[in-house]
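# Architecture at a glance
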Amino acid sequence: METEDLIIAIVSDLHCRHGKESQISTHLYTELPRNPKEHHPVESLKLLIKKDNITSDILLCPGDISDKADDQGLSTGWGFISEISKELNSYFYTSSVGNHDVKSRDTSNKNPFSYITSFNDDFPINDGALKDSFWSTEKSYFVYEDEKFILLNFNSSYNHIDKENALLSKITDEIISKMKHELLEKKIGNKYLIALFH
């Protein structure tokens, strides 16, 4: 049996934030006017997609949607990813989490994941059980499967609970074992295997 084509688009490191700082750390601001379209990073990308008739089956984002864990940047950036997915006519999109998406350096915040885990019902996927698996410290990943592909989405920032832990992502032998066991239960056949992480 021949493998069906799968077109994958990747949008990474948007670093979206609200309000310009004295030092420019990004080009994608939440309050940036959408016109003229050529001056807005997402609008100009959408123009290019339309002009060149670019399509993809799925859209993946490895993380760093926001810049320096900016709440508005995360929310707006996820909206931009949704817009890009629609423009590409993708039937599926998801994201992993990057170090800029977690408030690990905010000492006033007791839970650096409080905003990212609750800002949107569809983040990082619109499946409650898979979302729970992704945010769980016991697993920190989910496996999504459809007729063309199997996707392992690993939250490599799951241990970024403070500044010290945010310096190094880790993956335990126990998590690797769980991933391996879950993937071995899948009937892979001619499906594409995809791993997504920051």
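Described below are features of the structure shown in this document. Everything quoted here is computed from the prediction, not taken from an experiment. (Residues numbered from 1 in each chain as written. Predicted model: local features only at pLDDT ≥ 70, side-chain atom pairs only at ≥ 80, totals over all residues. Heavy atoms only, no water.)

## With respect to the packing of aromatic side chains
For the structure on display, the rule yields twelve aromatic pairs. On the basis of an interplanar angle of 40° and a centroid distance of 5.7 Å, the ring pair of Tyr-144 and Phe-149 is categorised as tilted. (Phe/Tyr/Trp six-rings, centres within 6.5 Å; stacked < 30°, edge-to-face > 60°.)

## Topic: a nonpolar patch on the surface
A contiguous nonpolar patch, built from Leu-45, Leu-48 and Ile-54 and spanning about 210 Å² of accessible area, is present on the exposed surface. Counting through the fold element by element, Leu-45 comes out in helix α1 (residues 41–51). We classify Leu-45 as partly exposed; its relative accessible area is 32%. (Patch = residues over 30% accessible without salt bridge, like charges linked within 9 Å, V, L, I, M, F, W, Y side chains within 5 Å. Areas by Shrake-Rupley, 256 points an atom, 1.4 Å probe, with all protein chains shown as cover. Salt bridge = Lys/Arg side-chain N within 4 Å of Asp/Glu carboxyl O. Helix = DSSP H or I, 4+ residues; strand = E, 2+ residues; numbered from the N terminus. Buried < 20%, exposed > 50% of the residue type's maximum accessible area, 1.4 Å probe, protein only.)

## Quick notes on the side chain of Asp-101
Inspection of the secondary structure puts Asp-101 in the loop between β3 (92–95) and α3 (128–135). Despite being buried, Asp-101 has no salt bridge partner; Arg-17 is the closest side chain of opposite charge, sitting 11 Å away. Engagement of the side chain of Asp-101 in a polar contact is seen with the backbone nitrogen of Ile-65, the distance being 2.9 Å. Here Ser-66 takes part through its backbone nitrogen, which lies 2.9 Å from a polar atom of the side chain of Asp-101. (Lys, Arg positive; Asp, Glu negative; His and termini not counted. Polar contact = N/O pair within 3.5 Å; in protein donor to acceptor, adjacent residues only side chain to side chain.)

## So, the pairing of strand β5 (residues 149–154)
Burial analysis of β5 places six of its six residues in the buried class, which makes it a mostly covered element. Burial of the side chains of β5 extends over both faces: Phe-149, Leu-151 and Asn-153 are buried on one face and Ile-150, Leu-152 and Phe-154 on the other. Relative to β5, strand β4 (residues 141–145) is paired through five bridges, and the arrangement is antiparallel. Bridge pairing in β5 links Glu-145 to Ile-150. If you look at the hairpin formed by β4 and β5, you'll find three residues sitting between the two strands. Where β5 lies against strand β6 (residues 192–196), five bridges are found, and the strand directions are parallel. By the bridge assignment for β6, Ile-150 is matched with Leu-193. (Pairing = 2+ DSSP bridges.)

## Re the environment of Gly-98
Among the secondary structure elements, Gly-98 is positioned in the loop between β3 and α3. Linking Gly-98 and Ser-177, residues 79 residues apart in sequence, is a C-alpha distance of 23 Å. Other than its neighbours up to four places away in sequence, Gly-98 contacts Pro-62, Gly-63, Asp-64, Ser-157 and His-198. (Contact = heavy atoms within 4.5 Å.)

## As for the sheet that holds strand β1 (residues 8–10)
Backbone-to-backbone hydrogen bonds pair the strands of a sheet. The strands run either parallel or antiparallel. The strand order across the open sheet built from three strands is β1-β2-β3, with neighbouring strands paired in parallel fashion. Strands with a single pairing partner mark the edges of an open sheet, and in this sheet they are β1 and β3. Here the average twist between neighbouring strands, direction ignored, is 15°. When strand β2 (residues 58–61) meets β3, the two strands line up parallel, connected through four bridges. Paired with Leu-59 across the strands is Tyr-93, a residue of β3. (Axes fitted to C-alpha atoms, helices over the stretch in contact; angles between N-to-C directions.)

## Details of the pattern of salt bridges
Going through the model one piece at a time under the given rule, you end up with 14 salt bridges. In this structure, the salt-bridge partner of Asp-52 is Lys-51, at a minimum N-O distance of 3.2 Å. Between Lys-178 and Glu-174 there is a salt bridge, with its nearest N and O atoms 3.5 Å apart. Of this pair, Lys-178 and Glu-174 both sit in helix α4 (residues 173–184), four residues apart, which is roughly one turn of the helix. On the accessibility criterion, Lys-178 (28% relative accessible area) is partly exposed.

## Focus: the sheet that holds β5
Here three strands make up an open sheet; going across it, the order is β4-β5-β6 and the pairing mixed. The sheet terminates laterally at β4 and β6, the two strands that pair on one side only. On average, adjacent strands in this sheet sit at an angle of 15° to one another, irrespective of strand direction. Together, β4 and β5 form the strand contacts of α3, whose direction differs from that of β4 by roughly 150°. With respect to the sheet, α4 is in contact with β4 and β5, its orientation differing from that of β4 by roughly 15°.

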